[in-house]
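Examining the three-dimensional arrangement
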Amino acid sequence: MNKVNFMNDMPADRFLRVEAVLDRTGLSRATLYRKVRQGTFPRQIRIAVRCVGWRESAVTAWQRNPNLYRADDQLPASGNLGNR
């Protein structure tokens, strides 16, 4: 059963930490961050002072069509780190 965010009746989205993203995508850490810089992978979101994560829905969208994915296709979210 999907959890629902009652604020807007949308399914709740989880944050994935870097190791989970690397595991799901098969990318190396260097390739992941290069793709983020190039805009061909979703941007990470700051979730604490020294902690970032990726929205699970954004990673899933990338997995559906990684060759055509562009980060600017996703809705902006507060806390995006952009270029590091």
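Residues numbered from 1 in each chain as written. Predicted model: local features only at pLDDT ≥ 70, side-chain atom pairs only at ≥ 80, totals over all residues. Heavy atoms only, no water.

**Quick look at the nonpolar core**
One recurring pattern in soluble globular proteins: nonpolar side chains tend to sit buried together. One finds Val18, Val21, Leu32, Phe41, Trp54 and Val59 to be the most contacted residues of the largest nonpolar core, which totals 16 residues. Of all elements in the fold, only helix H1 (18-25), helix H2 (29-38), strand S5 (51-55) and helix H3 (56-64) reach the threshold of two or more residues within this core. Not counting the four nearest positions on each side in its chain, Leu32 is found in contact with Val18, Val21, Leu22, Leu27, Phe41 and Trp54. (Core = buried A, V, L, I, M, F, W, Y, C linked by side-chain atoms within 4.5 Å. Buried < 20%, exposed > 50% of the residue type's maximum accessible area, 1.4 Å probe, protein only. Helix = DSSP H or I, 4+ residues; strand = E, 2+ residues; numbered from the N terminus. Contact = heavy atoms within 4.5 Å.)

**Some remarks on the pattern of salt bridges**
Under the definition given, this model contains three salt bridges. The salt bridge involving Glu56 is made with Arg14; its shortest N-O contact spans 3.7 Å. Of the two residues, Glu56 is situated in helix H3 and Arg14 in the loop between strand S2 (10-11) and strand S3 (15-16); the sequence distance between them amounts to 42 residues. A salt bridge links Arg24 to Glu56; the shortest N-O distance between them is 2.9 Å. Note that Arg24 is positioned in helix H1 and Glu56 in helix H3, a separation of 32 residues in sequence. (Salt bridge = Lys/Arg side-chain N within 4 Å of Asp/Glu carboxyl O.)

**Section: the environment of Arg70**
Residue placement: Arg70 occurs in the segment after H3. Remark: the alpha-carbon pair of Arg70 and Thr40, spanning 30 residues in sequence, is separated by 4.9 Å. Every residue in contact with Arg70, bar those within four places of it in the chain, is listed here: Gly39 and Thr40.

**Looking at the confidence of the model for the chain**
Of the residues in the chain, 73% reach a pLDDT of 70 or more, and the chain-wide mean stands at 84. Counted against residues more than four places away or in other chains, residues 75-84, with its pLDDT under 50, gives 16 contacts. (pLDDT = per-residue confidence, 0-100.)

**A closer look at H3**
Residues Glu56, Ala58, Val59, Ala61 and Trp62 constitute the buried set of H3. Considering only its buried residues, H3 is in contact with S3, H1, H2 and S5.

**Brief notes about the packing of aromatic side chains**
Here the distance between the centres and the angle between the planes together describe a pair of aromatic rings. A complete count under the given rule lists two aromatic pairs for this structure. A centroid spacing of 6.1 Å and a plane angle of 55 degrees characterise the contact between Tyr33 and Trp54, whose relative ring orientation is tilted. Of the two residues, Tyr33 is situated in helix H2 and Trp54 in strand S5; the sequence distance between them amounts to 21 residues. The exposure class assigned to Tyr33 is buried, which follows from its relative accessible area of 17%. (Phe/Tyr/Trp six-rings, centres within 6.5 Å; stacked < 30°, edge-to-face > 60°.)

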